Amino acid sequence: MSKDLSAAPELPKEDGRPKWDNKFQYILSCIGFAVGLGNVWRFPYLCQIHGGGAFLIPYFIALLFEGIPLLHLELALGQYLRKGSIGAWNTISAYLGGIGVASWMVSVLISLYYNTVLTWVMWYFINSFQEPLPWSVCPLNENRTGFNEECYESTAVNYFWYRKTLNITPDIAESGRLQWWLILCLAACWAIVYLCTIRGIETTGKAIYVTAIFPYLVLTIFLIQGLTLPGATEGLIYLFTPNLSTLKNPRVWLDAATQIFFSLSLGFGGLIAFASYNPTKNDCEKDAVTVAIVNSMTSLYASIPVFSVLGFKATTAYWDCLDRNIINIINEFDLPEESIMRQNYTSWISFLNSSYPEKIAGLKLKSCDLQEFLDQSVSGTGLAFIVFTQAIILMPGSQAWAILFFIMLFSLGLSSMFGNIEGVFTPLLELQIVPKSAPKELLSGIICLISFLIALCFTLGSGSYWIDIFDRYASSVPLLVIAFFEVIGVVYIYKINRFSKDVEWMTGRKLNLYWQITWRFISPLLLLIVFTAFVTLQLQKPPSYTAWNPKYEGFPMKEEKVYPPWVQAICVLLVALPCMCLPLAALFHLVKQKRRSKDPSLVPSEVFSCQGANINFSHPKE
């Protein structure tokens, strides 16, 4: 058995495997896969709640010791073995084949819900052509005697999101109906994904020029516009002013490590698949550093227009608050118009409070504090579909900004979907699930059709609750487990010295001490710490969710509920299914080995499909 684990894989010979048209196309594809919606709606939020610029310290430490080493490892592995995730790990050792299967399963689960998020983006994009924007005003009630009650008690933006888009149920146990408008958008999104991935990298390589570059253009336009808005400076000061005391909180370090890990799309198998289409003589070390740095710089770059707009929204809300108070004071004290302005409001309030305290108390004026409006932090769909859409309404030419914003989100999501689908498509192609004579278009079509049919459950009234579950459980612990065993598999089973020689042969230079130390010790230790901390935090309280319930006494605040036991069981299943692939695959191979050792007639000439008996493997001459 030990011989099997340490045997060196043969270098795959040049075959009819597709290749990237050029190096730029490959780098763009990796960047497009890594740079996704999280760069726009998660990173700025983490900066906001974790001490502004102070968050960048643990973030870049995590990038240096966790993100870049793991990214290099995956790219080098795929490039050298020229196989997808399942084939690559089976080549190293059949006992590690479960890593590839787990990556494949995670890619499947994430593709299902990720494309549904694009469905919401498409729905908003279609509605952005209306004048006025449909989330800017509340609809009338059935009697047309006033505004819709649910909308009036919350806001037009909330109503359009929760009722007109999701038609959300007040509880996860209530499935609700399938929403026909979401089904049509979902079908359109899967059709677009199919057309772009119809022949693997041969088609995604062309589409990536648009989907990866266009978001940078839109971000730049938003940056220019955002910096001209009133309140933009306050938003940026709030974002980047460092509060170093937050670094004492372990949660800050955990969030930095997990953000780097998930942002780079490590453990999905998509990066291994992309790298497998490279020529073996390629500088994968330089590629890894380039992709990681571009990804992190994109997060920083995206934060500037996002917080310029959020600063504008906070300032506008602050001014509205002041204006309402000013009108109430002028009416109560019968003062001349424009006697109280925003600029002298504070001095007037101080004077009136000291002179007429009872009258001022009777007015029940709202507390207007710009800092409180800036503190209203939100991430994910809340940022994209509620906070940002509300800010867009206030901008001149709101229709055009809405159209640009949702095209940008769709492009970001679509380029990430290419990597997810590649992580599903490449292993299936190599495993020859369909005959070699069958066209690639057929396999792509089957994958997209089955995914569409399963994803229909996300268009139910309870669909958004299930997407939160998939996002929280299918793409968290399993990826940490996969990445940990990837490093252990390469360093301690395939052996780091052999892997170093492989990388040296590909890049033409020896690996420096940084890679040796991070791969051997720092990266696996960091992954273990993050995994332990992540699981510990999850177990501290029962898993819960927030429900939109118009009958809740605290409405329009969302009602916090604990998941029912059957939903908790599904949460555990989403975590366990990919993770169990690792021991099950190893156990399956062990049993097979035992059977072969008992019956010599079952022993083939080569124990592993891609391994040779030559342990003293030497690279072919250049």
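Note that this is a predicted model, so its numbers are computed, not measured. (Residues numbered from 1 in each chain as written. Predicted model: local features only at pLDDT ≥ 70, side-chain atom pairs only at ≥ 80, totals over all residues. Heavy atoms only, no water.)

## Here's the deal with the overall build of the protein
The test is simple: Strands are runs of DSSP state E lasting at least 2 residues, helices are runs of H or I lasting at least 4, and numbering of each runs from the N terminus. In what follows, residue pairs with any heavy atoms lying within 4.5 Å of each other are defined as contacts. Here the Shrake-Rupley method, with its probe set to 1.4 Å, supplies the accessible areas, and only the displayed protein chains count as covering residues. Asp and Glu count as negative and Lys and Arg as positive, but His and the ends of the chain are not part of the count. For the purpose of locating charges, the reference atoms are NZ of Lys, CZ of Arg, CG of Asp and CD of Glu.
For the protein, the helix and strand inventory stands at 26 helices and two strands. Judged by the C-alpha coordinates and their principal axes, the protein covers about 100 × 50 × 45 Å. Considering only contacts in the protein between residues 6 or more positions apart, those separated by 24 or more positions represent 82%. Approximately 27,000 Å² of the protein is accessible, and the part contributed by carbon and sulfur atoms is 63%. Computed over 43 positive and 44 negative side-chain charges, the inter-centroid distance for the protein is 12 Å.

## As for the state of the cysteines
Counted only if it meets this: The disulfide criterion is simple: two cysteine sulfur atoms within 2.5 Å. Burial here depends on accessible area, computed with a 1.4 Å probe over protein chains only, as a share of the maximum for the residue type. Under 20% is buried, over 50% is exposed, and the range in between is partly exposed.
With the rule as written, the count across this model stands at two disulfides. The disulfide partner of Cys 138 is Cys 151, and the S-S distance across this bridge is 1.9 Å. Every disulfide takes its handedness from the sign of the S-S torsion; for Cys 138 and Cys 151 that torsion is -85°, giving left-handed. Of this pair, Cys 138 sits in the loop between α7 (97-127) and α8 (149-153) while Cys 151 sits in helix α8, placing them 13 residues apart in sequence. Given the relative accessible area of 1%, Cys 151 is considered buried. Two residues, Cys 321 and Cys 368, share a disulfide whose sulfurs are 1.9 Å apart.

## Section: the pairing of strand β2 (residues 559-562)
Quick note on the threshold: The rule for pairing is simple: two strands pair if DSSP sees at least two bridges between them.
Residues Glu 559 and Lys 561 of β2 are buried on one face, while the alternating residues Glu 560 and Val 562, pointing to the opposite face, are not. With four bridges connecting them, strand β1 (residues 544-547) and β2 associate as antiparallel partners. The partner of Thr 546 across the bridge, within β2, is Glu 560.

## A look at the pattern of salt bridges
This is how it is decided: The rule for a salt bridge is simple: a side-chain nitrogen of Lys or Arg has to be within 4 Å of a carboxyl oxygen of Asp or Glu.
Inspection of the entire model under this criterion finds twelve salt bridges. One salt bridge in this structure joins Arg 163 and Glu 150, with 3.1 Å as the shortest N-O distance. Linking Arg 163 in helix α9 (residues 156-165) with Glu 150 in helix α8, this pair joins segments that are 13 residues apart in sequence. The exposure classification of Arg 163 matches that of Glu 150, with both residues buried. A cluster of three or more residues bridged by salt bridges with shared partners is formed by Arg 199, Glu 202, Lys 440 and Glu 441.

## Notes on helix α26 (residues 565-598)
Helical periodicity: at 3.6 residues per turn, an α-helix aligns residues three or four positions apart in one direction. Defined as follows: Fitting axes to the seven residues that end at a residue and to the seven that start at it, the angle between those axes gives the bend at that residue.
Approximately 35° is the largest bend angle found in α26, and it occurs at Leu 577, with the proline Pro 578 only one to four residues beyond. Turning to α26, its buried residues number three or more, namely Val 567, Cys 571, Leu 574, Val 575, Pro 578, Cys 579, Cys 581, Leu 582, Ala 586, His 589, Gln 593 and Arg 596.

## So, unusual backbone geometry
That bond from Glu 131 to Pro 132 is cis: its omega, 0°, falls within 30 degrees of zero. Inspection of the secondary structure puts Pro 132 in the loop between α7 and α8. With an omega dihedral of 15°, the bond running from Phe 555 to Pro 556 counts as a cis peptide bond. We note that Asn 167 has phi near 45°; this positive angle belongs to a residue other than glycine. Residue position: Asn 167 is located in the loop between α9 and α10 (180-197). One non-glycine residue with positive phi stands out, namely Asp 334, at about 55°. Within the fold, Asp 334 resides in the loop between α15 (284-333) and α16 (345-355). For Asp 334, a relative accessible area of 69% translates into the label exposed.

## Let's talk about the environment of Leu 365
Tracing the backbone shows Leu 365 in the loop between α17 (357-363) and α18 (370-374). Spatially, the C-alpha atoms of Leu 365 and Leu 166 are 35 Å apart, while their sequence positions differ by 199 residues. Among residues more than four places away in sequence, those in contact with Leu 365 are Asn 325, Asn 328, Ile 329, Tyr 345, Ile 349 and Ile 360.

## Quick look at the UniProt feature "binding site: Na(+)" (unreviewed entry) in the protein
Rules: UniProt positions are given in the numbering used here, feature names are shortened, and annotations may be inferred rather than shown by experiment.
On the UniProt side, "binding site: Na(+)" (unreviewed entry) is annotated at positions that read Gly 32, Ala 34, Val 35, Asn 39, Ser 263, Asn 295, Leu 412 and Ser 416 here. Judged by maximum C-alpha separation, these annotated positions cover 385 residues in sequence but sit close together in space, the widest gap being only 12.4 Å. Along the chain, Ala 34 turns up in helix α2 (residues 23-34). Once residues within four sequence positions are removed from consideration, Ala 34 is found in contact with Asn 39, Ser 263, Leu 264, Ser 265, Val 291 and Asn 295. Residue placement: Val 35 occurs in the loop between α2 and α3 (37-41). Once residues within four sequence positions are removed from consideration, Val 35 is found in contact with Tyr 216, Asn 295, Thr 298, Leu 412, Ser 415 and Ser 416.

## Focus on the packing of aromatic side chains
Operational definition: A pair of Phe, Tyr and Trp rings is counted when the ring centres sit within 6.5 Å of each other, with Trp represented by its six-membered ring. The angle between the planes then sorts it: under 30 degrees is stacked, over 60 is edge-to-face, the rest tilted. Remark: a charge is flagged as sitting over a ring if the NZ atom of Lys or the CZ atom of Arg is within 6 Å of the ring centre and within 35 degrees of the ring normal.
Evaluated as defined, the whole model comprises 46 aromatic pairs. One Lys or Arg, Lys 281, reaches over the ring of Trp 505 and ends 4.4 Å from the middle of that ring.

## A closer look at the side chain of Ser 475
Going by this rule: Identification of polar contacts relies on pairs of N or O atoms within 3.5 Å, with a donor-acceptor requirement for protein atoms, meaning one able to donate a hydrogen and the other able to accept it, and with residues adjacent in sequence counted only if both atoms are side-chain atoms.
Within the secondary structure, Ser 475 sits in the loop between α22 (463-474) and α23 (477-493). Within the structure, the side chain of Ser 475 is placed 2.7 Å from the backbone oxygen of Asp 471, a separation counted as a polar contact. Dropping the residues within four chain positions of it, Ser 475 is found in contact with Ile 110, Tyr 113, Phe 262 and Phe 470.

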